[in-house]
Amino acid sequence: MIEFDRKAARTAGLGLLAWYEANKRDLPWRRLRDPYAIWVSETMLQQTRVETVIPYWERWLTLFPTVEALAQALESDVLKAWEGLGYYSRARNLQKAAQAVCERHAGVVPDTLDEMRALPGVGPYTAGAVLSIAYDRDVPAVDGNVFRVLSRLFLIEEDIMKPKSRKTFESIAAYMIPEGRAASFNQGLMELGATVCIPKNPRCHNCPVQETCMAFAEGVQEEFPVKEKKKPPRPVDMTAALLRDGDQLLIRRRPDTGLLAGLWEFPGGERAEGETLEQALVRHLQEAHGITVQPESLFATVEHTFSHLHWTMRVYDCAIVEGTVRVSEDVRWVPVDKLEDYAFPVAHGKIVKQLGGLL
DNA sequence: AACTCGGGGCG
DNA sequence: CGCCCAGAGTT
């Protein structure tokens, strides 16, 4: 269990509540108490700024004013209304959830965490937000703003990217809720994060809870929240061979599992530790196709970044000096002008593009 | 636990 | 332009 200063937490909770009541922005969904309208706003606000959401939310409530209207709408109209907001599965899930609410709850947005969580697209944050804001339940709603504010207030060093750390923040937030006031407290916490306790250059000079903020006291607010730096893509030296037979080139299909499964590529592979690029290429062609090749000249260098890898792929014009390629369903000689019929990974597609001169 | 989905703001 | 933002579902 995480340690935090209980007294400071209660003080900050009350301070945040008072600040919110005095300073809250006049947002359209804050004028309503309709759980459906609030649910829609919270779904739209996931990873999306308030100013962007407002016009979408207003149009949405006109087009689909009730859970029933959304449930019965054409999916194409639903997606059209979401167009430009991004993360379109949010829209699809919202409609699926509306249909489930009609079937299971007679069109009434559920007022328990378990029932909300059971709806598609409703995770821990959205369930907490709807329950507290629409139904005045004293439950926490922890989003990215809350991670940031609480990690600074209490100097929490847990990595917020780890799933288990959400529990830490939820229990602190739950403890801070002034009884019966979760709706305003939760929104206050998030509003502070959105307008004052922002990621870069936080405006500590007009923060209502500056005096109880441990990060401010130590001048380390910019260091929080702690987030594992996503490691940069691992550099990989790749090789690929251009093997010609008249106007034909040799390509092969990648395995059905793993990276780029089932796509076509020029034969080659990764350079291993202690190998030269040429040695790697000769080895891969020997191992995979039983032929000995001679890299003759560098045809192209292609860079491609995946989320976890960065390929520097050197493409060599090669001659076969020994052996014959066994062709099959997955290994083919293909005329240059037919290559476009095959699906290549982007990196190999870049090679195909540069082949224009061979036509 | 790692990856995917998108558009927008910021330096 | 690249980097950051950070909910929920999927694998």
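Source: prediction; values computed, not measured. (Residues numbered from 1 in each chain as written. Chains lettered and ligands numbered in written order. Predicted model: local features only at pLDDT ≥ 70, side-chain atom pairs only at ≥ 80, totals over all residues. Heavy atoms only, no water.)

## Thoughts on the nonpolar core
Under the convention used in this document: By nonpolar core we mean a set of buried residues, namely Ala, Val, Leu, Ile, Met, Phe, Trp, Tyr and Cys, connected to one another through side-chain atoms within 4.5 Å. Residue exposure (1.4 Å probe, protein chains only): buried if accessible area is under 20% of the type maximum, exposed if over 50%, otherwise partly exposed. Here a helix means four or more residues in a row that DSSP labels H or I, a strand means two or more in a row labelled E, and each is numbered from the N terminus. Only heavy atoms enter the contact rule, under which two residues are in contact if any of them lie within 4.5 Å.
Counting residues in hydrophobic clusters, the biggest one holds 75 residues, and the most contacted among them are Tyr36, Trp39, Trp60, Leu150 and Met176. Residue contributions to this core peak at seven residues, all from helix H8 (residues 124-135). Contact partners of Met176, with chain neighbours within four places excluded, come to Ala9, Ala12, Gly13, Leu16, Leu150, Leu153, Phe154 and Phe185. By size, the runner-up hydrophobic cluster in this structure holds 22 residues, among which are Val236, Leu249, Met313 and Ile351.

## Some thoughts on the side chain of Thr168
The topology assignment puts Thr168 in helix H10 (residues 165-176). Accessibility expressed as a relative area gives 10% for Thr168, which makes it buried. Setting aside its immediate chain neighbours within four residues, Thr168 contacts Ile2, Ile156 and Glu158.

## Describing the protein's contact with DNA strand B
Quick reminder of the rule: Proximity is defined per residue: any heavy atom of the residue falling within 4 Å of a molecule or strand makes that residue near it. Whenever two N or O atoms come within 3.5 Å, that pair is a polar contact, provided that in protein one can donate a hydrogen and the other can accept it, and provided that, for residues adjacent in sequence, both atoms are side-chain atoms. Amino acids are sorted into nonpolar (Ala, Val, Leu, Ile, Met, Phe, Trp, Tyr, Cys and Pro), charged (Asp, Glu, Lys and Arg) and polar (every other residue, Gly among them).
Taken together, eleven residues lie near DNA strand B, and Gln47, Arg49, Gly84, Tyr87 and Tyr88 sit nearest. Taking the atoms of DNA strand B that fall within 4 Å of the protein, sugar and phosphate contribute 50% of them. Contacts to DNA strand B include Gln47, whose backbone N or O atom sits 3.0 Å from a base nitrogen. Between a phosphate oxygen of DNA strand B and a main-chain N or O atom of Tyr88, the distance comes to 2.6 Å. Residue composition of the surface near DNA strand B, by class: three nonpolar, seven polar and one charged.

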